[in-house]
Amino acid sequence: MTQNRWPATLNSLASIQAFIETTAAQAGLDTSNSPSISLIVEEIIVNIISHAYKDTDTGIITIGLEPTKEALSISFSDTGPPFNPLKADPPDITKAIDEREIGGLGLFMVMQMADEIKYSRHDNQNILTVTIHMAKDI
């Protein structure tokens, strides 16, 4: 697994996305679904910054990448309060937009776009692992 750490700020987002795309390309994965990956990464990073580190300026986000022949697994780790996004109530998308509660749509979108999502809590860290199936470059 390839791993790197960044300050939990929006200024880190472009560098994190470049790290993920470069690692996937070096592994020979077809990055044609990069817009989906970028959207997933952006949503998760913004949620970590906004919620896990909302009361501090010193948070760290650790990204771990594990490319395989057909998939890319991305682990997002933070030291914020325990939060399992897989147990969050899904948004009610049947309501009119002006009747919906604020929040939850980004996480809902991530769950729809990813092929697999796992959450764990180890050593005071939230670890969210997202797997996206990809084709091998030929």
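See the structure above.
Thresholds, definitions, all that
- Residues numbered from 1 in each chain as written.
- Predicted model: local features only at pLDDT ≥ 70, side-chain atom pairs only at ≥ 80, totals over all residues.
- Heavy atoms only, no water.
- Salt bridge = Lys/Arg side-chain N within 4 Å of Asp/Glu carboxyl O.
- Core = buried A, V, L, I, M, F, W, Y, C linked by side-chain atoms within 4.5 Å.
- Buried < 20%, exposed > 50% of the residue type's maximum accessible area, 1.4 Å probe, protein only.
- Helix = DSSP H or I, 4+ residues; strand = E, 2+ residues; numbered from the N terminus.
- Contact = heavy atoms within 4.5 Å.
- 1 Å grid on protein atoms, 1.4 Å probe; cavity = no way out; pocket = protein on both sides within 12 Å on 5 of 7 lines; lining within 4 Å.
- Points joined across faces, edges and corners; volume = space filled by probe spheres on them.
- Pairing = 2+ DSSP bridges.
- Axes fitted to C-alpha atoms, helices over the stretch in contact; angles between N-to-C directions.
- Parallel < 35°, antiparallel > 145°, perpendicular 65-115°, else oblique.
- Left-handed = near helix turned anticlockwise from the far one by under 90°.

Participant: I keep staring at the pattern of salt bridges and nothing clicks. Help me out?
Facilitator: Side-chain pairs of opposite charge can arise whenever the charged atoms involved come near each other. Scanning the model with the defined rule gives one salt bridge in all. With its nearest N and O atoms 3.2 Å apart, the salt bridge here joins Glu116 to Lys118.

Participant: Would you mind going over the nonpolar core with me for this structure?
Facilitator: Buried together is how nonpolar side chains tend to be arranged in soluble globular proteins. One finds Ile20, Val41, Ile45, Ile63, Ile74, Phe76 and Val130 to be the most contacted residues of the largest nonpolar core, which totals 30 residues. Looking at this core, the element that brings in the most residues is helix α2 (residues 34-52), giving eight residues. Setting aside chain neighbours within four positions, we find Ile74 in contact with Ile20, Ile37, Val41, Ile63, Gly64, Leu65, Leu128, Thr129, Val130 and Ile132.

Participant: Hey, could you run me through empty space enclosed by the protein in this one?
Facilitator: One water molecule sets the probe size; rolling that probe over the atoms shows where empty space is left. Tallying each qualifying case throughout the model produces one cavity of 30 Å³ or more. Volume-wise, the largest cavity comes out at about 70 Å³. Contributing to the lining of the largest cavity are Gln17, Ile20, Glu21, Ala24, Thr31, Ser34, Ile37, Ser38 and Val41. Every element with two or more residues in the lining of the largest cavity is listed here: α1 (13-26) and α2.

Participant: What should I look at first to understand the pairing of strand β2 (residues 60-67) in this one?
Facilitator: It is a general feature of regular strands that their side chains alternate between the two faces of the sheet. Here six bridges tie strand β1 (residues 2-7) to β2, and the two strands are oriented antiparallel to one another. Within the sheet, the bridge partner assigned to Asn4 lies in β2 and is Ile63. Of the strand pairs in this sheet, β2 and strand β3 (residues 71-78) are connected by six bridges, and their pairing is antiparallel. Pairing of Glu66 across the sheet is with Ser73, part of β3. Taking the residues between adjacent antiparallel strands as the criterion, β2 and β3 are bridged by three residues.

Participant: Whenever I open this one, the packing of α1 against α2 confuses me. Can you help?
Facilitator: Where α1 meets α2, the axes come as close as 10 Å, and the angle between the chain directions of the two elements is 140 degrees. By the angle class used here, α1 and α2 are oblique. In the packing of α1 onto α2, the handedness of the crossing is right-handed. Counted together, Leu13, Ile16, Gln17, Ile20 and Glu21 of α1 and Ser34, Ile37, Ser38, Val41, Glu42 and Ile45 of α2 form the full contact between these two elements.

Participant: Can you walk me through the pairing of strand β5 (residues 125-133) in this structure?
Facilitator: In the sheet, β3 pairs with β5 via eight bridges, with the strands oriented antiparallel. For Ser73, the partnering residue across the bridge sits in β5 and is Thr131. In this sheet, β5 lies alongside strand β4 (residues 116-122) in antiparallel orientation, the contact comprising seven bridges. Bridge pairing in β5 places Ser120 opposite Ile127. The turn joining β4 and β5, which pair antiparallel and follow one another in sequence, is formed by two residues; a positive phi near 50 degrees is taken by Asp123.

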